[in-house]
Amino acid sequence: MTSTEGLSTSVARRRLDEFGANDLPSRERRTRGRQIVEVLREPMLILLLIATGLYIAFGDLAEALALGASVLVIITITFAQERRTERALEALRELASPRARVRRDGAWIDIDARGLVPGDVIQLWEGGRSPADVILRAGTPLAVDESLLTGEATTVIHIPDAAATSLMRPGQAGASVFAGTLVTSGHAFAEVAATGARTEVGRIGAVLGGIQLARAPLQTELVRIVRTIAVLAVTLSLGLACIYVLTGHGWVEAALAGITLAMSLLPEELPLVTSVFFALGAWRMSRFRVLARRASAIETLGTVSVLCVDKTGTLTANRMEIRNIVTDAVYEVATGSTELPEPTHAVVENGLLACPRLATDPMDRAFVALAGTALGATEHVHPDWEWVREYPLSTGLLAVTHVWRTDRQTLAIACKGAPEAVIALCRLPSTDAATWNARASELATRGLRVLAVARATGDTSAVATRPDEYRFAMVGLVGLIDPLREDTPGTIAACRAAGVRLVMITGDHAATACAIAREAGFQSVECITGPELDALDDESVTSRLATATVIARATPEHKLRIIQRLRASGEVVGMTGDGVNDAPALTAADVGIAMGHGTDVAREAAGLVILDDSLSSIAAAIRAGRTIYDNLRDATAYLLAVHIPIAGLALLPPLFGWPFLLAPVHVVLLELVIDPTSSIVFELEPPRADVMTRPPRGRQVRLLDTRRVSFSVMLGAAALLGPLAMAWIARSAAGADGAVRMASFIAVIAANLALVLAVRGPLSLHERNRGIRWLVPIMVLAGAVIVAVPPLRTLFAFAAPDLGWIGLAVLAGSLPVLTAARALRRLRPAQLLR
């Protein structure tokens, strides 16, 4: 078959049946009903539904609706996570299936690329994306941007080869061009070698579809807490009901007592609090141009101990910039230079002349940018010259040459390309050639992409058929680099101060990667390459990753293995990226962070998206994540403490032979106070002073460890002591059940306020918190209305108000809590409790 024969329609149809459409296979989707059943198996939701049923049974529709809403929120979040991976695969399918110009039945036609089959002959041209993995058969060499597969900003030159039989790897020069990659220059005929799931993009999609989303550490912790409290609640409730029956009470009273105790212990606020914290945290992060695709990803980022960063487009600006110009000396070029030394002008001038008028290649754009800022309207820029012809890259000459007509008689010929090619084209003496080759090697060892520039002149009547017919003179060398983003060093320093270890993962050369790492501010640069990882078993890889800071020559498979080994060693791993090649690692990491300029696939696979591409937003997200966890830990400690007096007042009075102090209606009212306190007041807490200077917590750190639990239990016991004491005093003095119930209830309200202050800590009393300013007057007003309005007082079975008893109840409820908090903080360092 020649390069332009193509297939017949009948053969193409048979191959389409054999190989399938040139599309990524759709992931089998579960039905909505099946998803709902799976979600509702979660113990947290089972408890929520039970609590909702209890509130409905007692006629409190408002609380039932609130709990029902939380069930919907959790189900929605689960659905969103499912759709996130599905959308990533859909984005891959769109990327892999553009339109294609194909040779069928001896004619060129345009078809949907999903109809391509192996053996088809297609056209590729500048500005288009390859619709499949292909082998170039004829035409000009193609410059191809493969950054979505390799992660590197530099283009790869692919030269047609009629004898090639197999595909090479992305990033390697040859005749292979891969699906989804962008042709920046050239035109060629190509034979389709792989379609659909068998393409390089398809293999990434297969890996992505098989990865299970990492569960946030906090999710696991909350499930553990809820299960523990649920078991305790059920056990105590059944025990109390049995005691009631054994002591001669009826089954109705026993059931009522058990239900009241269960309501006082069930942690139905916890999912509500978590949802509020995550939702408000995501909203706050959006003001810093960070989109939380999963709200819990913000909290998880606060626990990250290792942050794996992609080099191109993450640490660097994803564009080429001229850094050095070499003539007889080496000249440094600063970013945005407006002036250049005189000896460098000819290098930039001829490098620009060796570019097309409309530059699309990153290296061409670097010449255009530098000429625009440093040469301006000088005699070295020639917008009036007429372009004559181009000699493109070829197998025998890795250089491009452009010919320009300066006037009616004179031609200016400019050439740039691989140093060895241009040096040979100039026919230099061996000593001069060795000198220029040594200069080029020195630039390359510094991690620079090196081009040589040469020039020649000619007569308009004698345009050569080949570039080597001209007498070229060497002008100089140019060293190009993908420069760092401005905020990269500062962000790396902030992460280092926060105890987060950074690991750069790149497909670039080790020398280039290490040079970028040093410039970015990595404290130590220890490099390992992808091929070296391939030679190691999992345990050896884990050992090397414990100290490695740079992973060079990494493929998508390496990235995924690195993430998996780091997580297996106990690290909480964050991963930044922007290309298709990053999607599996972004999905497998504890939290994936996509850059806004990246591909749709990367954004869909990530938990966070940095919309403005600013690395400083990562430090802001880490700060937000740690603050969320600190405040959520305080809120959880408060919830644990505040349920102790409520449960105690439901459990102990019957054992003492006292009347009911708390009925379900009282518990419902207290829950209406507890919910906004735990979800809003604690969420508004400002960040701790040491939030970005302490090391991240590990996976083993619990939301409520033994020290924190004991602190909360002792505070809760103190909060129970006051209301019980008040009930005993009121029963001894007044005797009426209504007076005892009102005094103990007011004492519980006062103890609740004191618990808020005690958990926040004494130093935080001086910090601004709008929630506190609103909480106190609202609670005082609500309590006053209940005891003052007769119908409400009757509903709660309270006696007529007595200011003396009310004042004493406030003191009895608050003083034990504040005194206990002060004593406990003297016994234990405050920072261990916060």
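Basis of the calculations
Residues numbered from 1 in each chain as written. Predicted model: local features only at pLDDT ≥ 70, side-chain atom pairs only at ≥ 80, totals over all residues. Heavy atoms only, no water. Helix = DSSP H or I, 4+ residues; strand = E, 2+ residues; numbered from the N terminus. Buried < 20%, exposed > 50% of the residue type's maximum accessible area, 1.4 Å probe, protein only. Areas by Shrake-Rupley, 256 points an atom, 1.4 Å probe, with all protein chains shown as cover. Pairing = 2+ DSSP bridges. Axes fitted to C-alpha atoms, helices over the stretch in contact; angles between N-to-C directions. Phe/Tyr/Trp six-rings, centres within 6.5 Å; stacked < 30°, edge-to-face > 60°. Polar contact = N/O pair within 3.5 Å; in protein donor to acceptor, adjacent residues only side chain to side chain. Patch = residues over 30% accessible without salt bridge, like charges linked within 9 Å, V, L, I, M, F, W, Y side chains within 5 Å. Salt bridge = Lys/Arg side-chain N within 4 Å of Asp/Glu carboxyl O. Contact = heavy atoms within 4.5 Å. Expected span 1.5 Å × (residues − 1). Arc of directions from axis to C-beta. Disulfide = S-S within 2.5 Å. Parallel < 35°, antiparallel > 145°, perpendicular 65-115°, else oblique. Left-handed = near helix turned anticlockwise from the far one by under 90°. Nonpolar A, V, L, I, M, F, W, Y, C, P; charged D, E, K, R; others polar.

## What to know about the overall build of the chain
And then number 1: Per the secondary structure count, the chain includes 29 helices and 24 strands.
And then number 2: By residue count, 54% of the 834 residues in the chain fall in the buried class.
And then number 3: As displayed, the chain offers around 34300 Å² of accessible surface, 60% of which is attributable to carbon and sulfur atoms.

## Overview of unusual backbone geometry
And then number 1: The phi dihedral of D105 is positive, around 55°, even though this residue is not glycine.
And then number 2: Looking at the element boundaries, D105 is found in the loop between β1 (99-104) and β2 (107-112).
And then number 3: A positive phi angle is found at R553, which is not glycine, with a value near 55°.
And then number 4: By the element assignment, R553 lies in the loop between β21 (550-552) and α20 (556-568).
And then number 5: The exposure class assigned to R553 is partly exposed, which follows from its relative accessible area of 36%.

## Quick word on the sheet that holds strand β5 (residues 142-145)
And then number 1: Taking strand neighbours across the sheet as the criterion, the three strands line up as β6-β5-β8 in an open arrangement whose pairing is antiparallel. At either margin of the open sheet sits one strand with a lone partner, and together these are β6 (156-158) and β8 (182-185). Between one strand and the next, the sheet's axes are offset by a mean angle of 40°, whatever the strand orientation.

## Observations regarding the packing of aromatic side chains
When we look at a pair of aromatic rings, we describe it by the centre distance and by the angle of the planes.
And then number 1: The final tally for this structure, using the stated rule, is four aromatic pairs.
And then number 2: Seen in terms of ring centroids, Y470 and F472 are 6.1 Å apart; in terms of plane orientation they differ by 80°. Their pairing is edge-to-face.
And then number 3: A relative accessible area of 5% places Y470 in the buried class.
And then number 4: With a relative accessible area of 6%, F472 lands in the buried category.
And then number 5: When the ring of Y638 is compared with that of F682, the centres are 5.4 Å apart and the planes differ by 40°; the resulting orientation is tilted.

## Some points on the side chain of E200
And then number 1: Note that E200 resides in helix α6 (residues 200-209).
And then number 2: Here the side chain of E200 touches R169 through a polar contact of 3.3 Å, side chain to side chain.

## Description of a nonpolar patch on the surface
And then number 1: Residues I243, L655 and F656 make up a contiguous nonpolar surface patch of roughly 260 Å² in combined accessible area.
And then number 2: Take L655: it is sitting in helix α23 (residues 616-656).
And then number 3: Residue L655 is classed as partly exposed on the basis of its relative accessible area of 43%.

## Some points on the side chain of S305
And then number 1: Inspection of the secondary structure assignment puts S305 in the loop between α10 (296-301) and β11 (306-310).
And then number 2: Looking at S305, the relative accessible area reads 15%, which means it is buried.
And then number 3: In this structure S305 touches G499, V500, R501, E571, V572 and P696, once residues within four positions along its chain are discounted.

## Points about the pattern of salt bridges
And then number 1: Summed over all chains, the structure comprises 21 salt bridges.
And then number 2: Salt-bridge contacts for R101 lead to D110; the nearest nitrogen and oxygen are separated by 3.3 Å.
And then number 3: Note that D468 is salt-bridged to R466, the shortest N-O span being 3.2 Å.
And then number 4: We classify R466 as partly exposed; its relative accessible area is 46%.
And then number 5: Among the charged side chains, a network of salt bridges with common partners joins R319, E321, R323 and E519.

## Overview of helix α27 (residues 770-788)
And then number 1: Taking 1.5 Å of rise per residue, 19 residues should cover 27 Å, and α27 covers 28 Å from first to last C-alpha, within 8% of that figure.
And then number 2: For α27, the set of buried residues is G771, I772, L775, M779, I786 and V787. Around the axis of α27, the buried residues are gathered within 100° of arc, so they sit on the same side. Among the exposed residues of α27, those pointing more than 90 degrees away from its buried face are R770, W774, I778, V780 and L781.

## A short note on the pairing of β11
And then number 1: For β11, a buried count of five out of five residues is recorded, marking the element as mostly surrounded by other parts of the structure.
And then number 2: Residues of β11 alternate between two faces, with V306, C308 and D310 on one and L307 and V309 on the opposite face, all of them buried.
And then number 3: Two elements, β11 and strand β22 (residues 573-577), share three bridges in a ladder whose sense is parallel. Note on β22: the bridge partner recorded for C308 is M575.
And then number 4: Two strands pair when backbone bridges link them, and β11 and strand β19 (residues 501-505) are joined in this way by five bridges, in the parallel orientation. Directly across from D310, in β19, lies its bridge partner I505.

## Describing the sheet that holds strand β4 (residues 133-139)
And then number 1: An order of β2-β1-β3-β9-β4-β7 is seen for the six strands of this open sheet, with the pairing classed as antiparallel. Only two strands of the sheet have a single neighbouring strand rather than two, namely β2 and β7 (176-177).
And then number 2: With five bridges connecting them, strand β3 (residues 121-125) and strand β9 (residues 187-194) associate as antiparallel partners. Following the sheet pairing, L124 is matched in β9 by A188.

## Concerning the pairing of strand β16 (residues 410-417)
And then number 1: Of all eight residues making up β16, seven are buried, and the element is well covered by its neighbours.
And then number 2: As judged from the seven bridges shared by strand β15 (residues 399-405) and β16, these two strands associate in the antiparallel manner. Within β16, the residue paired with H402 across the bridge is A414.
And then number 3: If you look at the hairpin formed by β15 and β16, you'll find four residues sitting between the two strands.
And then number 4: Pairing between β16 and strand β17 (residues 449-459): eight bridges, direction antiparallel. Note on β17: the bridge partner recorded for G417 is A452.

## Some details on the state of the cysteines
And then number 1: Overall, the coordinates contain zero disulfides when judged by the stated rule.
And then number 2: Among the cysteines around C514, which has no disulfide bond, C527 carries the closest sulfur, lying 4.1 Å off.

## Focus on the packing of helix α25 (residues 706-733) against helix α26 (residues 737-760)
And then number 1: One can describe the packing of α25 onto α26 by two numbers: an axis separation of 8 Å at closest approach and a directional angle of 155°. Relative to α26, α25 is oriented roughly antiparallel. The handedness of the crossing between α25 and α26 comes out as right-handed. Between α25 and α26, the residues in contact are R708, F711, L715, A719, P723, M726, A727, A730 and R731 and D737, A739, V740, A743, S744, A747, V748, A751, L755, A758 and V759, respectively.
And then number 2: For the contact of α25 with α26, the residue count by class is 16 nonpolar, one polar and three charged.

## Remarks on the environment of G458
And then number 1: With respect to the helices and strands, the residue G458 is situated in strand β17.
And then number 2: Given the relative accessible area of 22%, G458 is considered partly exposed.
And then number 3: Sequence spacing of G458 and I413 is 45 residues, and the spatial spacing of their C-alpha atoms is 7.5 Å.
And then number 4: With residues up to four places along the chain from it excluded, the contact list for G458 reads Q409, T410, L411 and I413.

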